[in-house]
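What follows is the residue order along each chain.
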Amino acid sequence: MHPFSHSSVRYRAAVLLTASLLAVGCGGTISRAADSSSASDPTDASASEQLTVSEPASPQYGPATSGTNAATGSGSASACLSAESGTPAAVHGALSVRGTDLIDQSGNPFQLKGISTHGLAWFPQYVNEDAFRTLRDRWGANAVRLAMYTGEYGGYLTGGDRSALENLIDQGVQAAEHLGMYVIIDWHILSDGNPNQHTGEAADFFRRMSARYANHPNVLYEICNEPNGGTTWDEIRQYADQIIPVIRENSPGAVIICGTPTWSQDVDQPAGNPLSNPENVMYALHFYAATHKDGIRDKLIRARAAGTPVIVSEFSICDASGNGGIDYESAEAWKRLLNENNISYFSWNLSNKAETSALLVPGCQKTADWDDSDLTETGRWVRRLMLGQ
Ligand code: IDC
């Protein structure tokens with residue numbers, strides 16, 4: 001049984017203990033704003049209608065207090081993690097990359113099993129601790145991914161409310177840390193297909209994020225979700241060679257996820273043309289099972305054979321539009337491949353949008369504590385995957 005698939009007294013005790021320790025040792029450096037970003041996803045009218053964002057509950061975590069350097073957020077990393085006894089991050093500690101494997105603090109291969117948010121600006125209501133606790137205790141998740149679109153409507157570089165987006169990230173990181181879960185901060189490029197278009201903004205963003213979370217070993221950085229539109233690996237490499245040192249300056253040991261060409265499918269390419277500083281870097285492979293089949297599975301196998309560490313930081317079991325029918329046969333083939341090779345994965349997406357990849361049914365208004373009847377077919381499949389069923 002997955003050690004975190006049950007709700008337990010131990011967890012509650014750990015959370016209480018953590019809450020008190022976090023207040024002095026691991027507090028965040030920015031307080032949450034009273035408002036939240038509220039742009040709707042214009043690509044789906046029905047979803048937009050549902051997306052009136054209510055004011056979030058009063059902050060559960062204050063800004064850093066005594067014992068923490070409020071300017072840098074520097075608490076003791078070990079204090080952060082040791083506080084959360086029994087939780088995934090307390091048990092596995094700081095992660096790193098060895099060969100093709102993600103490993104934990106004891107040097108054992110470790111598999112992140114995570115859920116990705118939808119766009120933070122569009123579905124901010126799911127960035128809450130109860131939601132993440134539900135994913136941890138009822139789904140067996142040990143990680144979440146915070147997807148911050150950069151180029152879409154309401155995105156970070158396209159008129160989005162930057163401070164609201166960064167507050168959501170902080171809320172998500174703190175909730176994850178509180179629960180002893182790992183968390184990816186995702187610079188979610190998509191329509192802006194070449195990350196070099198915005199290297200300056202990305203560097204600025206990751207400089208500040210990596211400073212803020214320098215002593216938070218549960219934080220991973222994904223520097224470009226899905227390069228596309230003909231962007232080559234060589235171009236991505238040039239971008240990564242600029243962004244990775246920026247993160248390393250503040251957070252030398254963090255695991256960094258680098259996207260690959262063709263919407264993060266070409267993981268076979270980095271091997272022949274490596275990054276300048278490939279330590280603790282994993283390469284993103286994204287699949288949508290109804291579209292991406294043997295050809296992409298072969299790329300994964302070839303990449304690993306060439307020594308490339310691969311992480312599936314986004315997937316679903318429908319087609320690449322995020323919609324359409326589920327391909328169960330291909331989904332099962334992916335499931336076998338991921339589990340046989342201990343490959344980390346993050347399921348797209350935690351929302352009630354009317355699309356196949358959404359994990360919640362469109363009528364579901366709950367933002368946590370979902371029952372089976374609240375889950376879509378995809379949601380149920382993903383939950384079974386994570387629970388090892
Ligand atoms: C999709 C969402 C959809 C949204 C669209 C925006 O599911 O609701 O309207 O983005 O353009 C990806 C991307 C991810 C996509 C997803 C499905 O990383 O942002 O989300 N997908 O198309 N890569 C392959 C598929």
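Residues numbered from 1 in each chain as written. Predicted model: local features only at pLDDT ≥ 70, side-chain atom pairs only at ≥ 80, totals over all residues. Heavy atoms only, no water.

The name given to the chain in an unreviewed UniProt entry is cellulase, with [Clostridium] aminophilum as the source organism. Per UniProt, the chain carries the Catalytic activity (unreviewed entry) text "Endohydrolysis of (1->4)-beta-D-glucosidic linkages in cellulose, lichenin and cereal beta-D-glucans." UniProt lists a comment for the chain under the heading Sequence similarities (unreviewed entry), and it reads "Belongs to the glycosyl hydrolase 5 (cellulase A) family." (UniProt positions renumbered as here; feature names shortened; annotations may be inferred.)

Explanation requested: unusual backbone geometry in the structure shown.
A cis amide bond links Trp-348 to the next residue, Asn-349, at an omega of 10 degrees. Within the fold, Asn-349 resides in strand β10 (residues 345–350). Its identity as a non-glycine residue notwithstanding, Trp-263 has a phi of 55 degrees, on the positive side. In this structure, Trp-263 sits in helix α9 (residues 261–264). Given the relative accessible area of 41%, Trp-263 is considered partly exposed. Backbone geometry at Asn-342 places phi at a positive 55 degrees, although glycine is not the residue there. Assignment of secondary structure puts Asn-342 in the loop between α11 (328–340) and β10. Assessed through its relative accessible area of 29%, Asn-342 is described here as partly exposed. (Helix = DSSP H or I, 4+ residues; strand = E, 2+ residues; numbered from the N terminus. Buried < 20%, exposed > 50% of the residue type's maximum accessible area, 1.4 Å probe, protein only.)

Is there a simple way to think about α11 in this case?
The α-helix winds at 3.6 residues per turn, so residues separated by three or four positions along the chain end up facing the same way. The first and last C-alpha atoms of α11 sit 18 Å apart over 13 residues, in line with the 18 Å expected at 1.5 Å per residue. Looking only at α11, the buried set comprises Ser-330, Ala-331, Ala-333, Trp-334, Lys-335, Leu-337 and Leu-338. The backbone nitrogen of Glu-329 lies 3.2 Å from a side-chain oxygen of the residue at the head of α11, namely Asp-327. (Expected span 1.5 Å × (residues − 1). Polar contact = N/O pair within 3.5 Å; in protein donor to acceptor, adjacent residues only side chain to side chain.)

It is not clear to me how the pairing of strand β6 (residues 219–222) should be interpreted in this structure. Could you clarify?
Each regular strand displays side chains that alternate between the two surfaces of the sheet. Side chains Val-219 and Tyr-221 of β6 all project onto a buried face; the interleaved residues Leu-220 and Glu-222 project onto the opposite face, where all are buried too. Relative to β6, strand β5 (residues 182–188) runs parallel, the two sharing 4 bridges. Looking at β6, one finds that Val-183 is bridged to Val-219. When β6 meets strand β7 (residues 256–258), the two strands line up parallel, connected through 2 bridges. Among the inter-strand pairings, Glu-222 is bridged to a residue of β7, identified as Ile-257. (Pairing = 2+ DSSP bridges.)

Sorry, what's going on with the nonpolar core here?
Nonpolar side chains tend toward joint burial in soluble globular proteins. Judged by nonpolar contacts, the single largest core of 86 residues is most densely connected at Ile-169, Trp-187, Phe-206, Tyr-221, Ile-223 and Trp-370. Leaving out residues up to four positions away in the same chain, Trp-370 has contacts with Tyr-126, Ala-131, Thr-134, Leu-135, Arg-138, Trp-139, Leu-350, Leu-360, Cys-364 and Leu-375. Counting 16 residues, the second-largest nonpolar core is a separate cluster that includes Leu-95, Leu-102, Val-255 and Ala-284. (Core = buried A, V, L, I, M, F, W, Y, C linked by side-chain atoms within 4.5 Å. Contact = heavy atoms within 4.5 Å.)

I keep staring at the pairing of strand β8 (residues 281–288) and nothing clicks. Help me out?
For β8, the tally of buried residues reaches 8 of 8 residues, placing the bulk of the element in the interior. Here β8 shows a buried face lined by Val-281, Tyr-283, Leu-285 and Phe-287 and a second buried face lined by Met-282, Ala-284, His-286 and Tyr-288. In terms of strand pairing, β8 meets strand β9 (residues 310–316) through 5 bridges, oriented parallel. Bridge assignment links Tyr-283 to a residue of β9, and that residue is Val-310. Taking the sense of rotation as the criterion, the β-α-β connection linking β8, helix α10 (residues 294–305) and β9 turns out right-handed. (Right-handed = clockwise from strand over helix to strand, strands pointing away.)

Just to check I follow, could you spell out the side chain of Asp-266 for this structure?
The topology assignment puts Asp-266 in the loop between α9 and β8. When its relative accessible area of 7% is taken as the criterion, Asp-266 is described as buried. Within polar-contact distance, the side chain of Asp-266 engages the side chain of Lys-299 at 3.3 Å. Setting aside chain neighbours within four positions, we find Asp-266 in contact with Thr-260, Pro-261 and Lys-299.

For this particular structure, what's the right way to read the environment of Phe-205?
In this fold, Phe-205 is placed in helix α7 (residues 199–212). Taking the relative accessible area as the measure of exposure, Phe-205 reaches 0% and is therefore buried. Spatially, the C-alpha atoms of Phe-205 and Ile-247 are 9.8 Å apart, while their sequence positions differ by 42 residues. Setting aside anything within four residues of it in sequence, one finds Phe-205 in contact with Met-148, Tyr-156, Glu-166, Ile-169, Ile-185 and Trp-187.

Explain the packing of helix α6 (residues 162–178) against α7 here, please?
Between two packed helices, the angle of one axis relative to the other and the distance separating the axes together describe the packing. Close contact between α6 and α7 brings their axes to 12 Å; oriented N to C, the two are set at 40 degrees. Where α6 crosses over α7, the two elements pack in a sense that is right-handed. Two secondary-structure elements touch here, α6 through Arg-162, Glu-166, Ile-169 and Asp-170 and α7 through Glu-201, Phe-205, Arg-208, Met-209 and Arg-212. Of the residues that constitute the contact of α6 with α7, the class distribution is 3 nonpolar, no polar and 6 charged. (Axes fitted to C-alpha atoms, helices over the stretch in contact; angles between N-to-C directions. Left-handed = near helix turned anticlockwise from the far one by under 90°. Nonpolar A, V, L, I, M, F, W, Y, C, P; charged D, E, K, R; others polar.)

Is there a simple way to think about the side chain of Thr-356 in this case?
Tracing the sequence through the fold places Thr-356 in the loop between β10 and α12 (377–387). Of the polar contacts made by the side chain of Thr-356, one reaches the side chain of Asn-323; its length is 2.9 Å. Setting aside its immediate chain neighbours within four residues, Thr-356 contacts Cys-318, Gly-322, Asn-323, Gly-324, Ile-326, Thr-376 and Thr-378.

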